[in-house]
Amino acid sequence: MVLRGDRFTSDTDELVAKFTESISYDQRMYKQDIQGSIAHVKMLSRQGIIPAEDAVKVENQLKDIKLLIDAGNFEFSEKLEDIHMNIESYLINKVGEPGKRLHTARSRNDQVATDVRLYIRDEIDEMDEMIKELEKVLVTVANDNKDAILPGFTHLQNAQPVLFAHHILAYVEMFERDRTRLLDCRKRLNCCPLGSAALAGSTFPIDREFVAKELNFESITRNSMDAVSDRDFVIEVCSALSIMAMHFSRLSEDIILWMSQQFSFIDLGDAFCTGSSIMPQKKNPDIAEITRGKTGRIYGALTSILTITKGLPLTYNRDLQEDKEGVFDAIDTSKMVLAVYTKMLETIKVKKENMLKSASDPALMATDLAEWLVKQGIPFREAYYQLQSLVKYSEDTGVPMNELTLKQMQKSVPGAKEECLDMFRPESAVNAREVYGGTAPKEVARQIQFWQNRLGI
Ligand code: ARG
């Protein structure tokens, strides 16, 4: 069934068919398309808009079509443009007249808007589970390496010692925000556009609430013109996935740095690294690098849908067909990254000694001594200058700060006492940061406990 009756005097050019088709990529929405059609046909029958026997025939045939596609035995045709026409055409060929009644009170405009919402909703539910799995692995890695201390950076310069677990839990916070952002998109897209028809609604006495309930939608759209032209939910999901990709990219950057010989803080399982074709010694963190690279295509999907929609007058325009490939790719890519990262992180080996060695540079504890002075009554800025001068003294004389005598120390820090000499251990520095959200082992243990309870591990 091609949508060309007497209105058209010639067939579509082959090149035009190729140019305008979406079946090559929207066929993946077949389950949602059939789900939507079954809900619609049931409603048409309940409302007495089509005969009940016809509705049953259509429903049964749609179920058969689903099985056929599941099994890979359905032949999609480019000439039939998209998934909606491919299924409707097959249905009509099979059951005849009853099939021709399915599209009563419906347009492809509200149909495709429904399918894409259902499809993205299903994918969000899958990603929700996958993010939880990733978080569980991260929390377990943190818990298994509770006592590892490494230098925390600002400006990629050694700043202050922190627990490795604290660093890892920072990513759990990010991924949890990503998860809730996706759930937030889900809430807004969970609204049924069916019944909006082409743009203005329908002349038939349809029951939109019934269809929405059948499809587990939370509500129905209030404005038919908005309903068929709105793709905010595609933009929102691409945006949430872009933010998640950015988080993955940052984690990748940390992993790549930590794996480098200069840091040598971690190792990853051989199965999750690759070698070089020329340098026999190489073991590269390719998963992290490819993940960092894939961020580009996810941002691309966001840029593309924002650009596609920006100039469109109401309501549906065919440009909107270009909404799908980007978001599908962004979802597929995100799911791959989630799956491979979860497995890769299970193999992480923490090189505690190297981390500690790097965190033991006494200069990292300069803030601790400044804060000790403040506790003795010295204004912070004054203490800060004293410490700056101590750091310079240590650099000029080449004597590390933890090897200075009390006398030497007192040249820059007149109020220094014996106990200050012991302040240059990374353990003391992390232990002292007991504030809620800080890096002290006690506090980090509390955060690990929080996540374990929340994630049920
Ligand atoms: N394949 C189209 C899309 O993806 C379906 C809607 C077509 N509607 C139309 N009026 N031509 O947007």
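Residues numbered from 1 in each chain as written. Predicted model: local features only at pLDDT ≥ 70, side-chain atom pairs only at ≥ 80, totals over all residues. Heavy atoms only, no water.

### Description of the overall build of the protein chain
Here is step 1: Each helix and strand counted, the protein chain has 19 helices and six strands in total.
Here is step 2: In terms of its C-alpha atoms, the protein chain occupies a principal-axis envelope of roughly 100 × 55 × 40 Å.
Here is step 3: The buried share of the protein chain, reckoned over its 457 residues, is 49%.
Here is step 4: For the protein chain, contacts bridging at least 24 residues in sequence account for 75% of all contacts bridging at least 6.
Here is step 5: Within the protein chain, the 69 negative side-chain charges are centred at a point lying 2 Å from the centre of the 57 positive side-chain charges. (Helix = DSSP H or I, 4+ residues; strand = E, 2+ residues; numbered from the N terminus. Buried < 20%, exposed > 50% of the residue type's maximum accessible area, 1.4 Å probe, protein only. Contact = heavy atoms within 4.5 Å. Lys, Arg positive; Asp, Glu negative; His and termini not counted. Charge placed at Lys NZ, Arg CZ, Asp CG, Glu CD.)

### Points about the site of the ligand
Here is step 1: Around the ligand, a shell composed of Ser22, Asp82, His84, Arg108, Asn109, Val112, Tyr316, Gln321 and Lys324 is seen.
Here is step 2: One of the side-chain nitrogen or oxygen atoms of Ser22 is found 3.1 Å away from a nitrogen atom of the ligand.
Here is step 3: Side-chain polar atom of Asp82 to a nitrogen atom of the ligand: 2.9 Å apart, as the coordinates give it.
Here is step 4: In isolation the ligand has 350 Å² of accessible area, and contact with the protein removes 87% of it.
Here is step 5: Of all the elements, helix 7 (residues 108–144) adds the most residues to the shell around the ligand, at three residues.
Here is step 6: Partitioned by chemical class, the residues of the shell around the ligand number two nonpolar, four polar and three charged. (Near = heavy atom within 4 Å. Polar contact = N/O pair within 3.5 Å; in protein donor to acceptor, adjacent residues only side chain to side chain. Areas by Shrake-Rupley, 256 points an atom, 1.4 Å probe, with all protein chains shown as cover. Nonpolar A, V, L, I, M, F, W, Y, C, P; charged D, E, K, R; others polar.)

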